[in-house]
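# Coordinate analysis (summary)
These are the residues of each chain, in order.
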Amino acid sequence: MANKVLETRILLASDVTANLVGSTKVWMKGEVILEFTTSGKIKMKIGDGINTWDNLKYYGGGGSGSVEVVVFTDTTDPDGAWASTGNTELEDGQMMIVQDASGGTVGYIWNETASTWITFSGNVLAQNVFFNSDILCAGNYSAVGNITKTQSGTTTINSNGKSLWDVMQAIFCKELQPTKTEPSVSLTTPQSGSYEVGTVVTPTWNATLNAGSYTYGPATGVTATAWTITDSDGNTDSVASGSFPAITVGDSTNYTIKAEATYNSGVIANTNMGNPSSPVIQIAAGTKDKTSSAIKGYRSFFYGAVTTDSVSTPLTSAIIRGLTNGGAYDSAKNVTINPVAGAKRYVVAIPLSSTRSGLTSAILPNSLNAQVVSQYTTGTVQVEGANGYTDAAYKVYIYEPASIGTNEIHNITLG
């Protein structure tokens, strides 16, 4: 069969634009087409018997006009990126832009003589620029970031095969391992405190688990998986908030609530650079508990004016409890007894069990601050607690002169 003589076609840029771009015409294999551009340059395509004008590549004087945009996992692997396109042939000057999933792009041009891709441009991520040797550090300094050496000596940065990003991190970022703060339980018991004996209190609680923390994060992810609530009276519960049966506060009451949380293990802590800690720093699953402050009881002290005399009406628990309730006699007290119409006696009553020194001063501010503590006599009376609670012995101090002035004020000191 005779060889077919192939034509060389010469086209102007206007012919290409008007007649060939988008055409379905397939150019014969080996057919040469020379295109004269508007700038006077010559570009060449050669038919392959398969492709239309749009899909034929330029050759020769105009350089490759083909630019492949390739989405590939690794912008540092141009050979892999090119292979992923399915193309098998390369021409000198072939251009390719490789983009990875993170948005980094690298531009390459094929050098036929060297048979290699050469990086030529692009929005290049530091992670995609690699050193091909170690860096020698020299000069009259002793440290740059994490790199140290003698003042006039040298040292080497291990950079061969590493990215610019990794090397800069190694020089200027010192990775620090985290520490952890263990979880803890917070417990609120509003009723904790001291009460006069006989007071009825309904204990309540609200417990929370503090999840702990890591120096550089993230959030630990620790949560309470179970609660165990107990009190000193033997009651139990399994909820973070609630109440126990009411109690009557007594002389020996020392009531507390304990909250125990069981929790899961936390996530792995990060370093200051956001990497997982190594060795691993992590809050382990476990339990933590907290015990409340106590509910305790006290015997109040009382003071005030009484309108009956000792002969007709001996002091009783009811009379004493009818005076001013001073609360717990747990420290030195300064109180004032003011006169009332028909007052016959001034009375101060303290629990006989108190270890404090009792009445130490009684000053009359309206009588030149006269001291009348020596005119108080003492006795003992059984006095009930609140709500008729079991009585206890009280020491009573009684001031009962022939008459009490209508403006007679006593400034009392209990030591």
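Before reading on, note that the structure itself is shown above.
Below, the structure is looked at part by part. Note that this is a predicted model, so its numbers are computed, not measured. (Residues numbered from 1 in each chain as written. Predicted model: local features only at pLDDT ≥ 70, side-chain atom pairs only at ≥ 80, totals over all residues. Heavy atoms only, no water.)

### Thoughts on the overall build of the protein
- Helix and strand counts for the protein come out as 4 helices and 35 strands.
- Here the C-alpha atoms of the protein give a radius of gyration of 48 Å, more than 25% beyond the 22 Å that 2.2 N^0.38 yields for 415 residues.
- For the protein, the spread of C-alpha atoms along the three principal axes comes to 155 × 60 × 40 Å.
- Going through the 415 residues of the protein one by one, you find that 33% of them count as buried.
- Taking the intrachain contacts of the protein between residues at least 6 apart in sequence as the baseline, contacts between residues at least 24 apart amount to 64%.
- Of the roughly 22,400 Å² that the protein leaves accessible, carbon and sulfur atoms contribute 52%.
- If you average the places of the 23 positive and of the 32 negative side-chain charges in the protein, the two averages end up 7 Å apart. (Helix = DSSP H or I, 4+ residues; strand = E, 2+ residues; numbered from the N terminus. Rg over C-alpha atoms; globule rule 2.2 N^0.38 Å. Buried < 20%, exposed > 50% of the residue type's maximum accessible area, 1.4 Å probe, protein only. Contact = heavy atoms within 4.5 Å. Areas by Shrake-Rupley, 256 points an atom, 1.4 Å probe, with all protein chains shown as cover. Lys, Arg positive; Asp, Glu negative; His and termini not counted. Charge placed at Lys NZ, Arg CZ, Asp CG, Glu CD.)

### Concerning the sheet that holds strand β33 (residues 376-383)
- Taken together, 5 strands build an open sheet; the order of strands is β28-β27-β30-β34-β33 and the sheet is antiparallel. Strands with a single pairing partner mark the edges of an open sheet, and in this sheet they are β28 (324-328) and β33. Sheet twist, expressed as the average angle between the axes of neighbouring strands with direction ignored, equals 20 degrees.
- Of the pairings in the sheet, the one linking β33 to strand β34 (residues 392-399) comprises 8 bridges and is antiparallel in character. Residue pairing across strands places Val383 opposite Ala392, the latter belonging to β34. (Pairing = 2+ DSSP bridges. Axes fitted to C-alpha atoms, helices over the stretch in contact; angles between N-to-C directions.)

### Focus: the nonpolar core
- The biggest cluster of nonpolar side chains holds 21 residues, and the ones touching the most others in it are Leu209, Trp227, Ile229 and Ala259.
- Those elements giving two or more residues to this core turn out to be β14 (184-188), β17 (204-210), β19 (224-231) and β24 (257-263).
- Among the elements that take part in this core, β24 stands out by supplying 4 residues, more than any other.
- Beyond its immediate stretch of four places on either side in the chain, Trp227 contacts Val185, Ala207, Thr208, Leu209, Asp237, Ser238, Val239, Ala240, Ala259, Glu260 and Ala261. (Core = buried A, V, L, I, M, F, W, Y, C linked by side-chain atoms within 4.5 Å.)

### Comments concerning the side chain of Thr220
- Looking at the element boundaries, Thr220 is found in the loop between β18 (213-214) and β19.
- For Thr220, a relative accessible area of 2% translates into the label buried.
- Here Val222 takes part through its backbone nitrogen, which lies 3.2 Å from a polar atom of the side chain of Thr220.
- Residues within four places of Thr220 in sequence aside, it is in contact with Ala211, Gly212, Ser213, Tyr214, Gly266, Val267 and Ile283. (Polar contact = N/O pair within 3.5 Å; in protein donor to acceptor, adjacent residues only side chain to side chain.)

### Some words on the sheet that holds strand β21 (residues 241-243)
- The antiparallel open sheet is built from 3 strands, whose spatial order is β14-β17-β21. Both outer strands of the open sheet, β14 and β21, are each paired with one neighbouring strand and no more. The average angle at which neighbouring strand axes cross in this sheet is 20 degrees, direction not considered.
- Inspection of the sheet shows β14 paired to β17 by 5 bridges, in the antiparallel sense.

### Thoughts on the pattern of salt bridges
- With the rule as written, the count across this model stands at 4 salt bridges.
- Notably, a salt bridge pairs Glu196 with Arg321, separated by 2.7 Å at the nearest N-O pair. Linking Glu196 in strand β15 (residues 193-196) with Arg321 in helix α4 (residues 317-321), this pair joins segments that are 125 residues apart in sequence.
- Given the relative accessible area of 25%, Arg321 is considered partly exposed.
- One salt bridge in this structure joins Asp251 and Arg299, with 2.9 Å as the shortest N-O distance. Taken as a pair, Asp251 in the loop between β22 (247-248) and β23 (254-255) and Arg299 in the loop between β26 (295-298) and β27 (300-306) lie far apart in primary sequence, 48 residues in all.
- A relative accessible area of 46% places Asp251 in the partly exposed class. (Salt bridge = Lys/Arg side-chain N within 4 Å of Asp/Glu carboxyl O.)

### Focus: a nonpolar patch on the surface
- A contiguous nonpolar surface patch, about 390 Å² in accessible area, is contributed by Val129, Val144, Leu164, Met168 and Phe172.
- Mapped onto the elements of the fold, Phe172 is located in helix α3 (residues 164-172). (Patch = residues over 30% accessible without salt bridge, like charges linked within 9 Å, V, L, I, M, F, W, Y side chains within 5 Å.)

### A word on the state of the cysteines
- If you walk through the whole model with that rule in mind, you get 0 disulfides.
- Summary of cysteine pairing: Cys137 is not part of a disulfide, and the nearest cysteine sulfur, belonging to Cys173, is at 16 Å.
- For Cys173, a relative accessible area of 32% corresponds to the partly exposed category. (Disulfide = S-S within 2.5 Å.)

### Some remarks on the pairing of β17
- Only one face of β17 is buried: it carries Trp205, Ala207 and Leu209, and the other face, with Thr204, Asn206, Thr208 and Asn210, is open.
- Bridge count between β17 and β21: 3 bridges; the pairing is antiparallel. Following the sheet pairing, Thr204 is matched in β21 by Ser243.

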